[in-house]
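A look at the structure
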Amino acid sequence: RNGLVMPGYSVVGTLANHLLSEPKEIQTSGGDWVAVNLTITYVSFSAHSDFTQTSEFISATRPRHVIHVHGGEEEMKRLARALAKQYSPKEVEFLTPQNCQPVQLRFPGEKIARVVGSLAEEEPSDGAPLEAL
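For clarity, every value in this text was computed on a predicted model and none was experimentally measured.

1. Quick word on the overall build of the protein chain
When helices and strands are tallied, the protein chain shows 3 helices and 6 strands. Starting at the N terminus and ending at the C terminus, the protein chain contains elements arranged as β-α-β-β-β-α-β-α-β. Considering the protein chain as a whole, with its 133 residues, one finds that 17% of them fall into the buried category. Long-range contacts, defined here as pairs at least 24 residues apart, represent 55% of the contacts in the protein chain between residues at least 6 apart.

Next up, the structure:
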């Protein structure tokens, strides 16, 4: 028999999350329907840091921005709100974008960065945002 072991959390609306409901068939990205001929087992596992570890990391590194990109929307927002209580908004900005949502970061003063790949193909104009994958 075929099997799938799903370790850790899966976001609602993703194929991984849908598979946990053990559907009889799923739709491929090409639009075809295929049978799901396997057993699906969920195993609770996470190698992520908890609130205390995340807070200690922020205190040690003092970033200007913290962007939560992994986990459910409400869980990310709850963590961001709890962390934001410990820091002034002038010190750290906490962001919780939705999947594929662009994020704009503001940095005071002039910053110089070395770039490679598609960002280096064209010289940016002053004040223009830089975007890349």
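What follows picks up the thread again.
2. Remarks on a nonpolar patch on the surface
Where nonpolar side chains cluster on the molecular surface, the patch consists of Ile67, Val69, Val103 and Leu105 and spans about 300 Å² of accessible area. Here Ile67 lies in strand S5 (residues 65–67). Classification of Ile67 by relative accessible area gives partly exposed; the value is 35%.

3. Focus: unusual backbone geometry
Positioned with a positive phi, Glu22 is a non-glycine residue whose angle comes to about 50 degrees. Its place among the elements puts Glu22 in the loop between helix H1 (15–19) and strand S2 (25–27). With a phi close to 50 degrees, Arg62 is a non-glycine residue in the positive phi region. For Arg62, the position within the fold is in the loop between helix H2 (51–61) and S5.

What counts and how
- Residues numbered from 1 in each chain as written.
- Predicted model: local features only at pLDDT ≥ 70, side-chain atom pairs only at ≥ 80, totals over all residues.
- Heavy atoms only, no water.
- Helix = DSSP H or I, 4+ residues; strand = E, 2+ residues; numbered from the N terminus.
- Buried < 20%, exposed > 50% of the residue type's maximum accessible area, 1.4 Å probe, protein only.
- Contact = heavy atoms within 4.5 Å.
- Patch = residues over 30% accessible without salt bridge, like charges linked within 9 Å, V, L, I, M, F, W, Y side chains within 5 Å.
- Areas by Shrake-Rupley, 256 points an atom, 1.4 Å probe, with all protein chains shown as cover.
- Salt bridge = Lys/Arg side-chain N within 4 Å of Asp/Glu carboxyl O.

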